[in-house]
Structures are given as structure tokens and as C-alpha cells.
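What follows is each chain in one-letter form.
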Amino acid sequence: MAAVSFRDIRKSFGKTPVLHGISLDIANGEFMVLVGPSGCGKSTLLRMLAGLEDITGGSIAIEERVVNDVDSKDRDIAMVFQSYALYPHMTVRENMGFSLKLRKEKQALIDQRVAAAARILNLEPFLERQPRQLSGGQRQRVAMGRAIVRDPKVFLFDEPLSNLDAKLRVAMRAEIKALHQRLKTTTVYVTHDQVEAMTMADRIAVMHDGRIEQLGEPLELYDRPANLFVAQFIGSPAMNVFDGVFQGNSVQALGARWPTSARAAEGQRVKYGIRPEHLEPASSGAEGKIAAEVVVVEPMGAETELLVKIGETPLTVMTRGRSNAGPGERIFLAPQASHAHLFDAAGGQRL
Amino acid sequence: MNKFAREAKLWLIAIPILLWTLLPIYHIFLFSISSKDSAFSGALWPDHPTLRNFGTVFRQEHFYLHHFWEQIWNSLWIAVATGLLTLAVATCAAFAISRLKVKGGRAVMNAALFTYFIPAAFLAVPMYKAMGSYGLLNSRWSLVLAMVTLASPYAIWVLKQASDKLPWELDEAARIDGATPLQLFRLVYLPLMMPSLVAIGTYALLLAWNEYLYAFLLLSHENTIPLAVGLGHFLASDDSPWELLMATALIYALPPAAIYYAFRRYMVGGLTAGAVKT
């Protein structure tokens, strides 16, 4: 049974359409991440699910019940906002218990639920404090606590980690994922950060210009991007992509022959894509090697990132271990044919 | 040396201003502690300072003071009622316009502000006529309603600007938490608006406390007029008891000073909060 299903969802602000018919089913207990660049409509979609935006067309169902005309409070959802949106005049305890108080639950039940959530989130020492006395990470945990206390059918997260510094973001990422594994509540999580999407999601919906470009498990998206947009959006550093012509089982591009196991019509104009880690430095004697000039060397310890150029085209190369190449030096590259991606030059679809 | 010169310049400006503002108040004080004979002697300090005038006022022992306690009670009643009523009107309006995004809210706000294009003195006669038609003349309510009308546009404007600064996500979070608009108003909006509410309430209260023209027009009975109008009656005769007038004036000036002092933190912050659109 689908916990949440979007059916041909459309949304316009005035005359400007922002979502062009989104259909998406989210399974019970699934951690679904909506990812895309800003303005792609991911937050709008989430806010429509939350009942904070009107639905222009289509329908949204939560556990088979169409909720288009159901008030936010009756949808049995809980939302965590980017800005935390904690009530500044209430203590942590009051913030977390607010929704239950509005539902006129018994005080004993409220106390018990708040205590349980506080234990899960390590917020017990802070229950009597006010939000302004907490750090960013603690505030974010209170916001999650407020969601947990309600025991909703669906958790909604709207860029919850964007206001935190880099280190805390990594820690909270793991915390949210652990929380989901523990509670197994269906979760819809919106972010613009593909690393968050990759690390947290059961499935990812990559969105662009009001459409879902591809839906799938993180590594599926990484290994077999459906089109050029997904290929370049997912993965860090980004995939190298350049123009070429398919000729006899390889691609003629940048004055060299690039091997590939993908197939296209003879003489077809294509885009050749290869991830930095599939473009390894080779010895000068290797077969099919391609010469490049090193521009920048970025050693990161476990791996080294080389920015190189062939002619005027910049490429990124990721190599395990260290590299003794220096700027201006000539190196040779050996692309892994089985990991090369071909896209239609005009439409960007995977070939 | 430079610093000294700068401070000296500041003092050169500050001292005359201070004297200029304090001199009339000093005169009020001087009159109020002088006996009737020495009130106009021109001395900077009376030969025999006395607190007898205050006793006379408190015991209502003069023709003009027969309703002193009643009139100060009227002043207080009218000021507090104006403050509360203005707050009720302006808070609801600001909440509806800023947070519930009522259609046409902006137009209402601009229309309200437009009333300030006409000097309040010009509106006095139409207001008198209106109160007359409703049969409210000589009731304290007439003055309260008039003052609420005059204070509301500014109050709505300031509170609307202050409301706009509250993060929108709070409303959304509250809606998802299950709050109805009324609960949102009561449990989230009001507590967060408290500083601005104190400032605006005080503003309306002091406006009504200090009002003379409207009070003079709308109320005419000895026992319905506020003290401000009562003080005006002192000037009706050729032989005014100045020392008593000034003693009463000093008493009359104390509550506003006290209120202002108590809420000074909110006054500066609250009244300028909406001043600049950010």
C-alpha cells in the first residue's frame, strides 16, 4: 500500500506553471528524497503534501485517502522546517507538546510522549530551556522532536540541514537516518544537496523544472542516469561530459578515441559522459591512452583529484591514493569502457 | 583634548535644551508649592514653601476642585478604555491583514491612514454631530470612541509592520500542529507581539489622557469631564487660583511620566519597530 501518492500534480503561481504533472508513489516506511536545484518545484510539492499550498490540478492521497481538501492538521503529517520554526516563547517541552495540547490530549499522555521523544533525541537536559538558549543542532532536534511526538503517518522535511554548519550537517544526517531506521515512519525529505540525497534516501526523485527527471535508488541513479541532467546533478565531483561522434564501437571526441560498451548509430552525434573515478591515470605505454595536461592537483589523502585539460576542455580525474603529477605536466588517461555513458546530443536521453 | 572639545560642544547644546524644557515644569512646581500671595513674586524659590495646595486639591476644598477625584477617575477610565479598545481593534486588524492575508487588507490600512490627512481638529465637529445622533454626548464612551478612532490607524500601521516581521514558518508550523486561526492568534501571535502591544497600548492611553479639545466638546457635565477639561475651567474667572491649578496639573502629569518610565524599553523599541520597512 502506498503511504503517499501523487497523481498528475500540477501547480501554477498565477499564470506561471511550476509543476507539470507529477506522479509519484511513496511506499509505507520509505525514505523518499526529492532533490533538485532551487526553483525545480521540490519544496512546492512538499508544501502541497503538507497542505500549505493549494493544489492546481491532480490529487494527493495519504494512505489511499485523497487529501486535496483536507486541512493540514487533519492530514496526520508532521513537518520540520529549514528555519526550525520553533515557538520562541515556549520551552522545549511546550514546543514539543504543543500539537498534543491543541488536540486536547491528557497531560499524562503529553508528558509521556514528550519524555519518550526527548530520550530518543538526547534532549532530556534541555526540556525547560527556551529555543534561543539552544545551539542550531539542538534546535533542529527539537523541531524533529515536535514531529515525533505526534506519531504521524508521514514526516516531511524541508531542507532541514541547510542552516547548519558543514560538520553538524554530517552528524545530523546520520542522526535523521538512524531515527528513520528506528521509527520506520514514511518520510519525504526535500534537499538541494545531492550528497544528502544519496546518503539518506531509500529512493530519490530528481526534479528539474517542475518534472521528475528520474526516480530510483541512489546507486541506480548514480550508475545509470536516465539523462544528462541526472548524470551531471548526481555525483560529486560531477561527471565529465563532452560532445563527440559515435564511430565503430567508440566515440571520436577531443581528438581521441573514447571507448564505450554502450551503442549508438554509426556517425551519430552523442554526448560522452564518464565519472572522474572511471578516468584513471595510465602509464605512457598503455593501449588506448589519452594524453592530457594537468592544471591543478588536489590531494585529499585517501584520494587525489586532478583537474586536467585536453585542448581547452577541462576534465576531472579522481585517483585512489596519491599522485606525483604536477601542474603543467602531461599525463595519460585510461577511460573504463564499461562505465562510460552515452547521451543523445540533442535530447540528452541515455542511449 | 579633542574628546573634551567634543563633549563640551554637546554640553553647550544640551544645557540650553534642558533648561528650555525644564523651565515650564519648574514653574509649575514653583507655583504649586507657593502660597497664593507669593505665587507671582518672581522669586526662584518661595520664602515659605508649602504643601498646603496639594492638601486643598486632595480634599477638594475649592469651588473648581469639587469634582477633583471624580474627574481624575474619568481621565483614568477614558485613558484605560481607549488603550484597551485601540489594542483590540488594531491587533485584530493587524493579525487579519498581516497573518491571515485578508483580501483588501492593504486597502483598508491605507484608507485608515488617509484619515490623518485631515487634521483631527477639523473632524471634531462631524464627530460631535455623529455622537449626537447616537445619543452618546456627555457619556464617557463618546470620548473613548472618538479617541479610538484617532489612535487606531497609526496603531494598525505599527502593529502590521511588527507582525510582518514574525517568521511565516511559525504560522505554518502552528497550522500543521493543528492550531485554528483563533488558537494561532491567542497562543502564538499575541505572546510574540507583546512588546509592540505594550508600546501601542501606552501610546493610545497617553493620547486619551492628554486630550483636551474632544473632551471639551463631547463632555460638558462637571461629573463626566476628565481632569484636563476640569483644569481648563480654572481659567473661566478673572481671579484664577493659579497655585491650585498648578498643583493639580503636577498631579495630572505624574501618571504619564510613571507609565512612560515603566515601559520606556518597549516605547523606543515598539514604536520604531515598524518605522522602517526592511
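Residue positions are given per chain, counting from 1 as you read along its sequence in written order. As they are written, the chains are lettered A onward and the ligands numbered 1 onward, keeping that order. Residue-level local features of this predicted model are given only where pLDDT is at least 70; pairs of side-chain atoms are given and counted only at 80 or more, and the full residue set underlies all totals for whole chains, interfaces and linings.

**Student:** Looking at this structure, I do not really get the overall build of chain A. What am I missing?
**Tutor:** Numbered from the N terminus, helices here are DSSP runs of H or I no shorter than four residues, and strands are runs of E no shorter than two. Scanning chain A from terminus to terminus reveals 8 helices and 20 strands. Principal axes of the C-alpha set define a box for chain A whose edges measure 75 × 45 × 35 Å. Sequence separation of at least 24 residues holds for 64% of the intrachain contacts in chain A that already meet a minimum separation of 6. Residues are defined as contacting one another if the C-beta atoms placed from their backbone atoms lie within 7 Å.

**Student:** Would you explain the overall build of chain B in this entry?
**Tutor:** A count of helices and strands for chain B gives 12 helices and 0 strands. The order of helices and strands in chain B, counted from the N terminus, is α-α-α-α-α-α-α-α-α-α-α-α. Projecting the C-alpha coordinates of chain B onto the three principal axes gives extents of approximately 75 × 70 × 35 Å. Counts of 20 or more other C-beta atoms within 10 Å of a residue's own C-beta define buried residues, counts of 12 or fewer define exposed ones, and intermediate counts define partly exposed ones; C-beta atoms are placed from the backbone. Within the span of chain B, comprising 278 residues, buried residues form 33% of the whole. When contacts within chain B are restricted to residue pairs at least 6 apart in sequence, long-range pairs at least 24 apart make up 78% of them.

**Student:** Any chance you could explain the sheet that holds strand β6 (residues 77-80) of chain A here in plain terms?
**Tutor:** Strands belonging to one sheet form pairs held by backbone hydrogen bonds; the direction of such a pair is parallel or antiparallel. Residue and element names in this part refer to chain A. Paired strands, as defined in this entry, are two strands with at least two bridges between them according to DSSP. Pairing within the open sheet is mixed, and its 6 strands lie in the order β6-β7-β8-β3-β9-β10. Among the strands making up the open sheet, the edge pair consists of β6 and β10 (211-216). Ignoring strand direction, the axes of neighbouring strands in this sheet form an average angle of 20°. In this structure, strand β7 (residues 154-158) lies alongside strand β8 (residues 186-191), joined through 5 bridges in parallel fashion. Counted as the bridge partner of L156 is V188 from β8. Every angle, taken between N-to-C directions, lies between 0 and 180 degrees, and every axis is a line fitted to C-alpha atoms, over only the stretch in contact when it is a helix.

**Student:** What am I meant to see in the confidence of the model for chain B here?
**Tutor:** Low-pLDDT portions of the prediction should not be read for the details of their coordinates. Residues and elements named next belong to chain B. pLDDT expresses how confident the predictor is about each individual residue, on a scale running from 0 to 100. Taken over all residues, the pLDDT of chain B has a mean of 88, while the share at 70 or more is 96%. Mean pLDDT across the secondary structure elements of chain B bottoms out at helix α12 (residues 264-273), with 65, and peaks at helix α3 (residues 68-99), with 94. pLDDT under 50 marks residues 274-278. Its contacts with residues more than four places away, or in other chains, come to 5 contacts. The complex model carries a pTM of 0.82, and its ipTM stands at 0.83.

**Student:** Could you clarify how one ought to interpret the nonpolar core in this entry?
**Tutor:** Burial of nonpolar side chains together is a common tendency in soluble globular proteins. By convention in this section, buried Ala, Val, Leu, Ile, Met, Phe, Trp, Tyr and Cys residues joined through C-beta atoms within 7 Å make up a nonpolar core. One finds L156, V188 and V206 of chain A together with I200 of chain B to be the most contacted residues of the largest nonpolar core, which totals 148 residues. It is helix α6 (residues 140-164) of chain B that provides the largest number of residues to this core, a total of 15 residues. Counting residues in each nonpolar core, the second largest holds 9 residues, with F31, V57, L244 and M246 of chain B among its members.

**Student:** Would you take a moment to explain the packing of α3 of chain B against helix α8 (residues 181-210) of chain B for this structure?
**Tutor:** Helix-helix packing is characterised by the crossing angle of the two axes and by the distance between the axes. All names here are of chain B. As a packed pair, α3 and α8 sit with axes 8 Å apart at the nearest point and diverge in direction by 140°. As the angle between them shows, α3 and α8 are arranged oblique. Crossing hand, α3 versus α8: right-handed. Along the contact surface, α3 presents S75, I78, A79, V80, T82, G83, T86, L87, A90, T91, F95 and R99, while α8 presents F185, Y189, L197, I200, G201, A204, L205, A208 and W209. Grouping the constituent residues of the contact of α3 with α8 by class yields 14 nonpolar, 6 polar and 1 charged. We call two directions roughly parallel when the angle between them is under 35 degrees, roughly antiparallel when it is over 145, roughly perpendicular when it lies between 65 and 115, and oblique otherwise. Note on convention: the crossing is left-handed when the near helix lies turned anticlockwise from the far helix by less than a right angle, right-handed when the turn is clockwise. Side-chain classes are defined by residue name, with Ala, Val, Leu, Ile, Met, Phe, Trp, Tyr, Cys and Pro counting as nonpolar, Asp, Glu, Lys and Arg as charged, and the others, Gly among them, as polar.

**Student:** Just checking my understanding: could you explain the interface of chain A and chain B for this structure?
**Tutor:** Counting residues at the interface gives 17 residues for chain A, matched by 14 residues for chain B. Going through the elements one at a time, β6 and α2 (92-102) of chain A are the ones with two or more residues in the side of chain A that touches chain B. Within the side of chain A that touches chain B, the residues separate by chemical class into 11 nonpolar, 4 polar and 2 charged.

**Student:** I'm lost on unusual backbone geometry in this one. Help?
**Tutor:** Peptide bonds are mostly trans, and most non-glycine residues show a negative phi. All names here are of chain A. The omega torsion of the bond from S236 to P237 falls at -5°, within 30 degrees of zero and hence cis. Structurally, P237 is set in the loop between α8 (228-233) and β11 (240-247). Even without being a glycine, K184 presents a positive backbone phi close to 55°. If you trace the backbone, K184 turns up in the loop between α5 (166-183) and β8.

**Student:** Help me out: how do you make sense of the sheet that holds strand β14 (residues 269-274) of chain A in this one?
**Tutor:** All names here are of chain A. Read across the open sheet, the 5 strands follow the order β13-β12-β11-β14-β20; overall the sheet is antiparallel. Of all the strands in the sheet, just β13 (256-259) and β20 (341-344) have a single pairing partner and so form its edges. Strand-to-strand, the axes of this sheet are offset by a mean angle of 45°, without reference to chain direction. Judged from the 4 bridges that link them, β14 and β20 form a sheet pairing that is antiparallel. The residue of β20 that forms the bridge with K271 is F343.

**Student:** Help me understand the packing of helix α4 (residues 136-149) of chain A against α5 of chain A, please; the structure alone is not making it clear to me.
**Tutor:** Residues and elements named next belong to chain A. Where α4 meets α5, the axes come as close as 11 Å, and the angle between the chain directions of the two elements is 20°. The orientation of α4 relative to α5 falls into the category roughly parallel. Considering only the axes of α4 and α5, their crossing is right-handed. In contact with G136, G137, Q140 and M144 of α4, α5 contributes L168, M172 and L179. Looking at the contact of α4 with α5 residue by residue, the class counts come to 4 nonpolar, 3 polar and no charged.

**Student:** What should I look at first to understand α2 of chain A in this one?
**Tutor:** The buried count for α2 of chain A comes to 8 of 11 residues, which makes it a mostly enclosed element. If you check which residues of α2 of chain A are buried, you get V92, R93, N95, M96, G97, F98, S99 and L100 of chain A. Packed against the buried residues of α2 of chain A are α3 (107-120) and α4 of chain A together with α7 (168-177) of chain B. One or two residues past the end of α2 of chain A sits K104 of chain A, with phi positive at roughly 60°.

**Student:** Explain the confidence of the model for chain A to me, please; I cannot follow it from the model alone.
**Tutor:** Taken residue by residue, chain A gives an average pLDDT of 91. The fraction at 70 or more is 99%. Element-level mean pLDDT values for chain A span from 84 in strand β15 (residues 279-282) of chain A up to 96 in strand β3 (residues 31-35) of chain A.

**Student:** Looking at this structure, how should I read the pairing of β7 of chain A?
**Tutor:** The two faces of the sheet receive side chains in turn, since in a regular strand these alternate between them. Residue and element names in this part refer to chain A. Among the 5 residues of β7, 5 are classified as buried, and the element is accordingly described as predominantly covered. Taking every second residue as pointing to the same face, both faces of β7 are buried, with V154, L156 and D158 on one and F155 and F157 on the other. This β-α-β element, β7 to α5 to β8, shows right-handed connectivity. Handedness is read with the strands pointing away from the viewer; a crossover is right-handed when the path from the first strand over the helix to the second is clockwise.

**Student:** What am I meant to see in the environment of Y84 of chain A here?
**Tutor:** Residues and elements named next belong to chain A. Inspection of the secondary structure assignment puts Y84 in the loop between β6 and α2. Judged by the 24 C-beta atoms lying within 10 Å of it, Y84 falls in the buried class. Spatially, the C-alpha atom of Y84 lies 8.9 Å from that of G136, the residues being 52 residues apart in sequence. Y84 has contacts with R139, Q140 and A143, leaving out every residue within four places of it along the chain.

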